[in-house]
Amino acid sequence: MINQIIINILIDSACYFLVAISFMLIYRISHFFHFAHGIVLASGAYLTCLFKMYYDLPLSISILFAIMLSVLLGCFIEILFYRPLVKKKSHHLILLLVSLGVYIVIENAISILWGSGLKVIRLGDIEEGMSFFNASITPPQIAMIIASLAISSFIVFVLQKTKIGYMVRAVASDRELASMSGVNSRSISLFAFAIGSGIVALSGILILLDVGMTPHMGMMPMIMAIVVMVIGGISNIAGIALGSVLLAVSQNIGAWYFGVQWQEIIAFVLLILILIIRPQGILGNKAKMKL
Amino acid sequence: MEYLLHILIMICIYVILGQSLNLLIGYTGLLSIAQAAFYGVGAYVAAIMSLKLGIPFLLNLVCAIAISSLFGALIGIPSLRLKGDYFVIVTLGFQMITFSVLNNCVSLTGGPMGLPGIPQPSVFGWVISSHIEFLLLVAVFAVLVFWLCKCIIKSPFGRVLTAIREDEVFALAAGKNVAVYKVAVFAIGSGMAAIAGALYAHYISFIDPTSFTVMESIFIISIVIIGGAGSLWGPVVGAVLLVMLPEALRFVGMPSSIAANMRQILYGGLLVAFMMWRPQGLIGKYGFRVEETKK
């Protein structure tokens, strides 16, 4: 039993990490909560299904195309909605409300096109999960853990060692100063949206392969990503990793003791506690917390 | 005719909700995604008290307002330490906690099955049984809430709220106890939302948690913002528009299977459109102007 809980914690924290790291990347560059992130997650899943079921493409090609189109969707949202508002120097709450509105419109569009029920991709016969130290785990779940490790290393590498990562850190730190130093802040912003959308689309696809998809599937992971960001702190990737693990641990242990229905409440109680006790997050840096 | 009366009753209920949130967003500048939670708390308190304890309508209305105001004050407290985005997240967290509690405490709230069979309200012996009578009741409360908001806004209390919206640091420097005002306005706003909740519970006579979700909160935000934040008639305009427009779609031949989705697309789209081009809404006065002093 305890092994299963540990495996579940690993899977949950991997999923939270993927959504949270992509959200944090976008938040650090653009300084508002990009709620439409959740719908990019759902679009990754639905586009994969579209390519696989209707066009009969092999799964890997479908996933590739779905991620590419979701990246385009994320960039499209940034260019069409956020950029003009940022240019007008709009209040960040206006941007938040716009992203909420965009989320609602696209979620309902998906619902109209594909129905609001749960859909799955049938890859083969239904089989039991593989046994691993007396606990069961399925291939999509393993893929999620591997993906989160791979992507976290990739992001750390890009941010620390590459020129474009350097520019991303510059824009996240002080946009105007970066502009004056010759960094094209708008392109970097678009780049952040692209990478973030790609990662979250991938996580949406992994969720699809694990449990299935509904139009509303993006809302919860996105809110959990915000919880992770608050718990762990937005200053660095280690904070996000810690936040994901902490959230997964408290939810799973809480589910064991109190029952699965209380999992969400545990997350939000944790959120409010951290916001009251240590608003910058556990590994967060108070100076970097731009409000 | 019954259909028209139903629309008018829902408009009145949403006017009350819009006015309650307008005090928060339009006059104090606090964006809260938790209004549906207070709406739900009011509805459930009224429903539980009249269903399980047989308490008359006016008394359980008072209790609903009291309990909801208490929760509202609780939410007001984190607002003192957190600004802007992070506070919105706290309200979101509270909204989700409330929904989770309503959905999972099956013994108290009926969980996902809800509470059916809420009795008709009776005011001083007069049992409200027809739609016309209910419209009268709801309209009286809508007018009462409107008048209450007007009194609040025109009073010194209201002027301090506007000062907090415009420049909180300046209000503090002028000696106003901003903390107390914020907690108070939250209590008032949630109390008013509870009125709408109690009325809704007795009108539909069945409530379940799905009426009080994040989407409902966003709908109430849309009413305030599209109608116009910061003006007394703004929520009225917003409620009329956002309740009637989807109904108008029915007559244009929209298949009813996608009616719920189209309704959401409508107010989501209007929210985006207004935020991009006219953040103060149709007749509002507050459009989230960027504070010049902050970076």
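The rules we used
- Along each chain, the written sequence defines residue order, and numbers are assigned to residues from 1.
- Chains carry letters from A onward and ligands carry numbers from 1 onward, assigned in written order.
- Two thresholds apply to this predicted model, a pLDDT of at least 70 for residue-level local features and 80 or more for giving and counting side-chain atom pairs, whereas whole-chain, interface and lining totals are computed over all residues.
- Think of the side-chain values as coming from all heavy atoms in the structure, minus any hydrogens and water.
- Runs of E in the DSSP output that reach at least two residues are strands. Runs of H or I that reach at least four are helices, and both are numbered from the N terminus.
- Accessible area is worked out with a 1.4 Å probe on protein chains only. A residue is then buried under 20% of its type maximum, exposed over 50%, and partly exposed in between.
- Any two residues whose heavy atoms approach within 4.5 Å at even a single point are treated as in contact.
- Shrake-Rupley sampling with a 1.4 Å probe provides the accessible areas, and residues are treated as covered by the protein chains on show and by no other component.
- We compute the radius of gyration over the C-alpha atoms and compare it with the globule rule, which gives 2.2 Å times the number of residues raised to the power 0.38.
- Joining two parts hides part of their accessible area as seen by a 1.4 Å probe, and the buried area is that hidden amount summed over both.
- Here a salt bridge means any side-chain nitrogen of Lys or Arg lying within 4 Å of a carboxyl oxygen belonging to Asp or Glu.
- Definition of a polar contact: a pair of N or O atoms within 3.5 Å, with one able to donate and the other able to accept a hydrogen when the atoms are protein atoms, and with sequence-neighbouring residues admitted only if both atoms are side-chain atoms.
- Under the scheme applied here, ten amino acids are nonpolar (Ala, Val, Leu, Ile, Met, Phe, Trp, Tyr, Cys and Pro), four are charged (Asp, Glu, Lys and Arg), and all others, including Gly, are polar.
- To obtain each axis, a line is fitted to C-alpha atoms, and for helices this fit is confined to the stretch in contact; angles are then taken between N-to-C directions over 0 to 180 degrees.
- Here the word oblique covers every angle except those under 35 degrees (roughly parallel), over 145 (roughly antiparallel) and from 65 to 115 (roughly perpendicular).
- When the near helix sits turned anticlockwise from the far one by under a right angle, the crossing is termed left-handed; a clockwise turn instead gives a right-handed crossing.
- Given the number of residues in a helix, its expected span is that number minus one, multiplied by 1.5 Å.
- Two aromatic rings, drawn from Phe, Tyr or Trp (for Trp, its six-membered ring), form a pair once their centres lie within 6.5 Å of each other, and the interplanar angle then sorts them: stacked below 30 degrees, edge-to-face above 60, tilted otherwise.
- As a reminder, the over-ring test applies to NZ of lysine and CZ of arginine, requiring each to be within 6 Å of the ring centre and within 35 degrees of the ring normal.
- Among the buried residues, those of types Ala, Val, Leu, Ile, Met, Phe, Trp, Tyr and Cys that are joined through side-chain atoms within 4.5 Å form a nonpolar core.
- Nonpolar side chains (Val, Leu, Ile, Met, Phe, Trp, Tyr) within 5 Å and like charges within 9 Å form the patches, drawn only from residues with over 30% relative accessible area and no salt bridge.

*Asks:* What exactly am I supposed to notice about the overall build of chain B here?
*Replies:* Counting secondary structure elements, chain B contains 13 helices and 4 strands. For the C-alpha atoms alone, the extent of chain B along its principal axes is close to 55 × 45 × 35 Å. Looking at chain B as a whole, 59% of its 295 residues qualify as buried. Intrachain contacts of chain B at a sequence separation of at least 6 include 79% that bridge at least 24 residues. By element, 72% of the accessible surface of chain B is carried by carbon and sulfur atoms, the whole surface being about 11600 Å².

*Asks:* What should I look at first to understand the overall build of chain A in this one?
*Replies:* Within chain A, the regular secondary structure consists of 11 helices and 2 strands. Ordered by position in the sequence, the α and β elements of chain A form the string α-α-α-α-β-β-α-α-α-α-α-α-α. Relative to the globule expectation of 19 Å for 291 residues, the C-alpha radius of gyration of chain A, 19 Å, shows essentially globular dimensions. Taking the principal axes of the C-alpha coordinates as reference, chain A spans close to 55 × 45 × 35 Å. Burial status across chain A gives 55% buried among its 291 residues.

*Asks:* Before we go on, may I ask you to explain the interface of chain B and chain A in this structure?
*Replies:* Think of interface size as the accessible area that goes away when the parts come together; that is how it is often given. Between chain B and chain A, the contact holds 45 residues from the first and 52 residues from the second. Buried surface at the junction of chain B and chain A, summed over both partners, amounts to about 4000 Å²; 78% is from carbon and sulfur atoms. The largest per-residue losses of area from chain B upon contact with chain A belong to B:Asp85, B:Tyr86 and B:Met276, which jointly make up 19% of the total buried on that side. Between chain B and chain A we count 0 salt bridges in total. There are 4 residue pairs in polar contact (both at pLDDT 80 or more) connecting chain B and chain A. Of all the elements in the fold, those that place two or more residues in the side of chain B that touches chain A are helix H5 (84-104), helix H11 (214-227) and helix H13 (259-277) of chain B. Per-element accounting of the side of chain B that touches chain A gives the leading share, 14 residues, to H5(B). Of the residues in the side of chain B that touches chain A, the class split is 30 nonpolar, 9 polar and 6 charged.

*Asks:* In this structure, what is going on with the packing of helix H2 (residues 37-54) of chain A against helix H3 (residues 59-87) of chain A? I would like to understand it.
*Replies:* A pair of packed helices is characterised by two quantities: the angle between their axes and the separation of those axes. Residues and elements named next belong to chain A. Here H2 crosses H3 at 140 degrees, and the two axes come no closer than 8 Å. With respect to each other, H2 and H3 are oriented oblique. Along this stretch, H2 crosses H3, giving a crossing that reads as right-handed. For the pair H2 and H3, contact is made by Val-40, Ser-43, Gly-44, Leu-47, Thr-48, Phe-51 and Lys-52 and by Leu-59, Ser-62, Ile-63, Phe-65, Ala-66, Leu-69, Ser-70, Leu-73 and Gly-74, respectively.

*Asks:* Sorry if this is basic, but what is going on with the pattern of salt bridges here?
*Replies:* Oppositely charged side chains may form a pair once their charged atoms are brought near each other. A full pass over the atoms with the stated rule returns 3 salt bridges over all chains. For A:Arg83, the salt bridge goes to A:Glu78, with nearest N and O atoms at 3.6 Å.

*Asks:* Help me out: how do you make sense of H2(A) in this one?
*Replies:* Every α-helix carries 3.6 residues per turn, so stepping three or four residues along brings you back to the same face. Residue and element names in this part refer to chain A. Across its 18 residues, H2 extends 25 Å between first and last C-alpha, which sits within 8% of the 26 Å expected from 1.5 Å per residue. Most of H2 sits out of view: 16 of its 18 residues are buried. Following H2 by one or two positions, Asp-56 has its phi on the positive side, about 55 degrees.

*Asks:* What's the story with H13(B) in this structure? I'm lost.
*Replies:* The end-to-end C-alpha separation of H13(B) is 27 Å, in line with the 27 Å expected for 19 residues at 1.5 Å each. Taken residue by residue, H13(B) has B:Asn261, B:Gln264, B:Ile265, B:Tyr267, B:Gly268, B:Leu270, B:Leu271, B:Val272, B:Phe274, B:Met275 and B:Met276 as its buried positions. The inward-facing, buried residues of H13(B) contact H3 and helix H4 (92-114) of chain A together with H11 and helix H12 (234-250) of chain B.

*Asks:* Just checking my understanding: could you explain the side chain of A:Ser62 for this structure?
*Replies:* Tracing the backbone through its elements, the reader meets A:Ser62 in helix H3. Not counting the four nearest positions on each side in its chain, A:Ser62 is found in contact with A:Thr48, A:Phe51, A:Lys52 and A:Leu57.

*Asks:* Would you take a moment to explain the packing of aromatic side chains for this structure?
*Replies:* By convention here, two paired aromatic rings are described through the distance between centres and the angle between planes. According to the stated counting rule, one finds 21 aromatic pairs over all chains in the structure shown. Taking 6.0 Å as the distance between ring centres and 20 degrees as the angle between the ring planes, the aromatic pair formed by A:Phe23 and A:Phe33 counts as stacked. Of this pair, A:Phe23 sits in helix H1 (residues 2-30) while A:Phe33 sits in the loop between H1 and H2, and the two are 10 residues apart along the sequence. For A:Phe33, a relative accessible area of 0% gives the class buried. The structure contains a cluster of three or more aromatic residues connected by ring pairs, namely A:Phe23, A:Tyr27, A:Phe33 and B:Tyr86. Here B:Arg263 stacks its cationic end above the ring of B:Phe219, 4.5 Å away from the centre of that ring.

*Asks:* I tried to follow the nonpolar core on my own but got confused; where do I start?
*Replies:* By size, the foremost hydrophobic cluster in this structure holds 201 residues, and its most contacted members are A:Val98 and B:Ile207. Sort the elements by how many residues they give to this core and H1(A) lands first, with 18 residues. In this structure B:Ile207 touches B:Ala43, B:Tyr44, B:Ala47, B:Gly114, B:Leu115, B:Ile118, B:Tyr200, B:Ala201 and B:Phe212, once residues within four positions along its chain are discounted. If you look at the next biggest cluster of nonpolar residues, it comprises 5 residues, including B:Val45, B:Met49, B:Ala64 and B:Ala194.

*Asks:* What should I look at first to understand the packing of helix H2 (residues 35-52) of chain B against helix H10 (residues 178-204) of chain B in this one?
*Replies:* All names here are of chain B. With their axes 7 Å apart at the nearest point, H2 and H10 run at an angle of 50 degrees to one another. Between H2 and H10, the interaxial angle falls into the category oblique. The hand of the H2/H10 crossing is right-handed. Between H2, through Gln-35, Phe-38, Tyr-39, Gly-42, Ala-43, Ala-46, Ala-47 and Ser-50, and H10, the contact on the second element is made entirely by Gly-189, Ser-190, Ala-193, Ala-194, Ala-196, Gly-197, Ala-198, Tyr-200, Ala-201 and His-202. For the contact of H2 with H10, the per-class residue count stands at 11 nonpolar, 7 polar and no charged.

*Asks:* Help me understand a nonpolar patch on the surface, please; the structure alone is not making it clear to me.
*Replies:* Residue and element names in this part refer to chain A. Taken together, the side chains of Met-1, Ile-2, Ile-6, Leu-10, Ile-253, Trp-256, Tyr-257 and Phe-258 define a hydrophobic patch exposed on the protein surface, amounting to about 910 Å² of accessible area. Every element with two or more residues in the nonpolar patch is listed here: H1 and helix H10 (237-258). Its place among the elements puts Met-1 in the segment before H1. What makes Met-1 exposed here is its relative accessible area of 66%.

Everything listed is a geometric property; what it means functionally is a separate question.
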